[in-house]
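Descriptive analysis of the structure
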Amino acid sequence: MDYRKKETTVVVSQEEISDGIFDLRVKTEAAGYAKPGQFVGLFPPSDGHLLMRPISICESDAESKTLRMVYRIAGDGTKLLSGLKAGDNVEMLSLLGNGFPTGEAVGKCIVLMGGGIGIPPMLGVSKSLQEENVHAFLGYRNKDTFLSEDFRKYANVHIASEDGSIGVKGNVLDALTAESEVKPEIIMACGPMPMLRAIKKYAEENQIIAYISLEERMACGVGACLGCVAKTVNKDAHSHVNNTRICTEGPVFDAREVEI
Amino acid sequence: MDTRVTIAGVEFKNPVMTASGTFGSGMEYSDFVDLNRLGAVVTKGVANVPWPGNPTPRVTETPSGMLNAIGLQNPGIDVFIERDLEFLRNYDVPVIVNVCGKSVEDYLTVVERLADTDVSMLEINVSCPNVKEGAIAFGQNKDALFDITKRIKEIAKQPVIMKLSPNVTDITEMARAAEAAGADAISLINTITGMKIDIKRRSFVLANKTGGLSGPAIRPVAVRMVYQCANAVKIPIIGMGGIASAEDALEFIMAGATAVSVGAYNFVNPYSTVEIVEGIEKYLSETGTQSVRELIGCVK
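Residues numbered from 1 in each chain as written. Chains lettered and ligands numbered in written order. Predicted model: local features only at pLDDT ≥ 70, side-chain atom pairs only at ≥ 80, totals over all residues. Heavy atoms only, no water.

A closer look at the environment of A:Ile110
All names here are of chain A. Rules: A run of H or I in DSSP becomes a helix once it reaches four residues, and a run of E becomes a strand once it reaches two; helices and strands are each numbered from the N terminus. For each residue, the accessible area found with a 1.4 Å probe, counting protein chains only, is set against the maximum for its type, and the residue is called buried under 20%, exposed over 50%, and partly exposed in between. The contact criterion used is simple: two residues touch if any of their non-hydrogen atoms lie within 4.5 Å.
Summarising the element assignment, Ile-110 is placed in strand S8 (residues 110-115). Classification of Ile-110 as buried rests on a relative accessible area of 0%. When neighbours within four sequence positions are excluded, Ile-110 is seen to be in contact with Ala-105, Leu-129, Glu-131, Asn-133, Val-134, His-135 and Ile-186.

Quick look at the structure:
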C-alpha cells in the first residue's frame, strides 16, 4: 500500500551528530510503509520558505512509528529545520520516490556505498537486508565518521576518508579496490555526483548491476512540476524525451539507465 | 449559496482552477484531492511534439516564492490525448488544456488535434518566459498577440483563453489586443521573469539563468493587473499569481476575476485547491452572500 500525504508530524528528537549534520526523528504512521531509499519532504518552519526540502529516510521503525532523517545544513531551509526540538511540529510530505530494489540483492555479495550526506539512506538499506554478505563502504571527509557504528550492526564496514585520517585515503571506490576479497555482485549507492559517476563506470566495466540514488532541486516532489529530472538513455515514461522525473521514477535508478 | 461561474458559455461548479504547469494533468495530485471538487483542471502546457525542456537546475526557492525554468517539458499532443485526457475522463470536471508552441503553426496543430476531443476550453500559452522561441514572443507584442489569437480563433472548436504575461509595460494593451482578436477570455498573470545568483559558486542558480517567479511574492502585482484588465476589457478573466488561501482567491475575484487558479501553492499544500473552495463557501455563508458572482469586480 502506498502512503501519500502531507501531514503535521511531531519531532521525537533532534541532535547534531557531526559538524552541521543533524539526526532528526519524527513520529508518523509513514514509518510503517517506508522503503529504504525513499525520501520525505520536510517544510522549514517559516511562512516565507515555501518548498519542502527533499531528505532521504535513514531508518524507519514501524513499531515506534518513527522515521529517522540525517541531513546536512545546506542553506536557509535546512538551517531552520535544524532548530526543531523534541515536541515541535514539522510539516512533512511523504512517502516520496521508489527506494532501492533490495529484493534483487538476495543471495549476492552486496556492496553498499555511501559518500558524505549520501551515507544515511544506505543505513536503512543495510538494516533491511537479511543477508550474510553485506559490505558497507562509507566515504567521509575526515575521521568524523558519523553513523559508522550504526552500520556495524548490519554490515561489514569499510571506511575511506578524503584526508586519510581514518581508513583508506581516498573515496569509496579506493576502499573497495583495497579490499581484494570483496567481489561485489550488486552495488547500491548514494553520494555526490562524481562518486556516482565513478560507480557507474566501475559497474559497467565490471558488468555489475549498480543502483544509484540521485538528487536534484525539487519543487512538488510528486511528479507534477517536472523540476527535478535526470537524463536517461531511453525515452522516459512520462514525457518521452529522455528526461525522467527523479522524485517519481527515482531517486534510485539502474546506473545504466541514466546519463550523469 | 451558489459558487457557480460561467466563462464563454462553459459552466464551472466553483471558480477554483489549477494553474497550468503546477498540477500535471491532475493525475499527480489525485492522491491528495478529489478532482471532482475543482472548478476545472488546467493541464500542463502541451505542444505538437514532445519537448525535452531545459537543463537542471530548473527550480529554486526565493523569499515567499520560487523561480522555475522548466522549459515546458511535455510529451506532445498524441500521448497527451491518449493518456492524460483519458485519465481525466474518469472525473466530472471541466478540462482546460494549456497549449504551447514555437511557431503559429505549432499552436494551430495542437488546437486542431483537440478540436474533436471533449475538452472544455483551450488556454493559449503566449507568456512562458523560459523558452527561447515562440511562447513569450507572442505575448510581449500586441500585434503578434492579435495575429495569433485571430488565427487560433479561426480554427478552434472550443472557447479560447489567452494567457497573458506580466513582463510587459502595459498589460491592458495585451488584454485589449486579445479581446479585439476574438479571445473568449484571458488569464493572468504568468510568472514574472527573475534571476537568482549563487554567490558561493559565482554563478546562476538556474541552468537557464533566468526563471519565472511565482508564489505569494507576486500576488499584489497579479491582483493589480487583474484589476487593470478588468477595467480595460469586457471578456472574463481568470486570475492567478500566488494564491494560497480563500482570502487570496477572493481578492482576485473582487478585483474582477471570474475564476482563479492555484499554482505554486499546490507544492506547499497539495490540498490547497479544495481548501480554497471550502473557504469561499464559508465566506459566502458567513457574509450572507447569495452567489460568488456578486463579488466579481465588486471593488471599483
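Structure shown, so let's carry the discussion forward.
A word on helix H7 (residues 246-255) of chain B
Residues and elements named next belong to chain B. In terms of residue burial, H7 counts as a mostly covered element, since 8 of its 10 residues are buried. Within H7, the full set of buried residues consists of Ala-246, Asp-248, Ala-249, Leu-250, Phe-252, Ile-253, Met-254 and Ala-255. Structurally, H7 contributes buried residues whose contacts are with helix H6 (219-230), strand S15 (237-240), strand S16 (259-262) and helix H9 (272-286). Backbone geometry just after H7 places Gly-256 at a positive phi near 130 degrees.

Here's the deal with the pattern of salt bridges
Just so we agree on the cut-off: For this document, the term salt bridge refers to a Lys or Arg side-chain nitrogen within 4 Å of an Asp or Glu carboxyl oxygen.
For the structure shown, the criterion picks out 29 salt bridges over all chains. Residue A:Arg245 pairs with B:Glu28 through a salt bridge whose shortest N-O separation is 3.3 Å. Note that A:Arg245 is positioned in strand S15 (residues 243-245) and B:Glu28 in the loop between strand S3 (16-18) and strand S4 (41-42), a pairing that runs across two chains. Summarising the burial analysis for this pair, A:Arg245 and B:Glu28 share the class buried. Among the ionic contacts, a cluster of salt bridges with common partners joins A:Asp23, A:Arg25, A:Glu59, A:Arg68, A:Lys127 and A:Asp150.

Quick notes on empty space enclosed by the protein
Residues and elements named next belong to chain B. So the rule is basically this: In this analysis, the protein atoms alone were mapped onto a 1 Å grid. Cavities are point sets where a 1.4 Å probe fits without being able to get out; pockets are open sets with protein on both sides within 12 Å along at least five of seven lines; lining residues have an atom within 4 Å of a point. Grid points are joined across faces, edges and corners, and a volume is the space filled by probe spheres set on the points.
Considering all chains together, one arrives at 2 cavities of 30 Å³ or more under this definition. Estimates place the volume of the largest cavity at around 470 Å³. Along the walls of the largest cavity sit 34 residues, with Ser-20, Thr-22, Asn-68, Asn-190 and Thr-191 positioned nearest its centre. Residue assignment for the lining of the largest cavity shows that the elements contributing at least two residues are strand S6 (65-68) and strand S14 (210-214). The volume enclosed by the second largest cavity comes to roughly 30 Å³.

Re the environment of B:Gly39
All names here are of chain B. Here Gly-39 is to be found in the loop between S3 and S4. Separated by 22 residues in sequence, Gly-39 and Met-17 have C-alpha atoms that sit 5.2 Å apart. Excluding anything up to four places from it in sequence, Gly-39 contacts Phe-12, Asn-14, Val-16, Val-93 and Pro-94.

As for the environment of B:Thr117
All names here are of chain B. What counts here: Polar contact is defined as a pair of N or O atoms within 3.5 Å, subject to the rule that within protein one atom must be able to donate a hydrogen and the other to accept it, and that residues adjacent in sequence are counted only when both atoms are side-chain atoms.
Summarising the element assignment, Thr-117 is placed in the loop between helix H2 (104-114) and strand S8 (121-125). What makes Thr-117 buried here is its relative accessible area of 16%. Sequence separation between Thr-117 and Leu-85 is 32 residues, and the spatial gap between their C-alpha atoms is 8.8 Å. A distance of 2.7 Å separates a polar atom in the side chain of Thr-117 from the backbone oxygen of Leu-114.

Quick look at the domain arrangement of chain A
Residues and elements named next belong to chain A. To keep it simple, the criterion reads: Domain delimitation in this document rests on an assignment produced automatically or drawn from a domain database. Joining two parts hides part of their accessible area as seen by a 1.4 Å probe, and the buried area is that hidden amount summed over both. Note on residue categories: nonpolar means Ala, Val, Leu, Ile, Met, Phe, Trp, Tyr, Cys or Pro, charged means Asp, Glu, Lys or Arg, and polar means any other residue, Gly included.
In terms of domain boundaries, chain A breaks down into domain 1 (5-96), domain 2 (102-213) and domain 3 (215-260). Between the C-alpha centres of domain 2 and domain 3 there is a distance of 23 Å. Taken residue by residue, the interface counts 10 residues in domain 2 and 9 residues in domain 3. Its largest share of buried area at the contact with domain 3, domain 2 owes to Lys-200, Ile-212 and Ser-213, together 49% of the area lost on that side. Connecting domain 2 to domain 3 are 0 salt bridges. Along the contact surface separating domain 2 from domain 3 lie 5 residue pairs in polar contact (both at pLDDT 80 or more). Of the residues that constitute the side of domain 2 that touches domain 3, the class distribution is 6 nonpolar, 1 polar and 3 charged.

Overview of the nonpolar core
Cut-off, in case you're wondering: Here, nonpolar core refers to any group of buried Ala, Val, Leu, Ile, Met, Phe, Trp, Tyr and Cys residues whose side-chain atoms link them within 4.5 Å.
Membership of the largest hydrophobic core comes to 138 residues, with the highest contact counts inside it found for A:Met113, B:Leu114, B:Ile124, B:Met162, B:Ile186, B:Leu188 and B:Ile280. Broken down by element, this core gets its largest block of residues, 7 residues, from H7(B). Residues contacting A:Met113, with those up to four places away along its chain left out, are A:Met122, A:Phe137, A:Val172, A:Leu173, A:Leu176, A:Ile187, A:Met188, A:Ala189, A:Cys190, A:Met195 and A:Ile199. Counting residues in each nonpolar core, the second largest holds 27 residues, with A:Phe100, A:Met122, A:Leu138 and A:Tyr211 among its members.

Description of the sheet that holds S3(B)
The criterion, for reference: When DSSP locates at least two bridges between a pair of strands, those strands are taken to pair.
The parallel open sheet is built from 8 strands, whose spatial order is S3-S16-S15-S10-S9-S8-S7-S4 (chain B). Pairing within the sheet leaves two strands with one partner each, and these edge strands are S3 and S4 of chain B.

Comments concerning the sheet that holds strand S11 (residues 192-195) of chain B
Residues and elements named next belong to chain B. Inclusion rule: For helices, the axis comes from a line fit to the C-alpha atoms of the stretch in contact; other axes are also lines fit to C-alpha atoms, and the angle between any two N-to-C directions lies between 0 and 180 degrees.
With antiparallel pairing, 4 strands are arranged side by side in an open sheet as S5-S6-S14-S11. At either margin of the open sheet sits one strand with a lone partner, and together these are strand S5 (59-62) and S11. Taken pair by pair, the neighbouring strands of this sheet meet at an average axis angle of 40 degrees, ignoring direction.

Some details on the state of the cysteines
The criterion, for reference: When two cysteine sulfur atoms are found within 2.5 Å, that pair is recorded as a disulfide.
A complete count under the given rule lists 0 disulfides over all chains for this structure. Unpaired in this structure, A:Cys247 has its nearest cysteine sulfur neighbour in A:Cys228, at a distance of 3.8 Å. For B:Cys298, which is in no disulfide, the shortest distance to another cysteine sulfur is to B:Cys229 and amounts to 18 Å.

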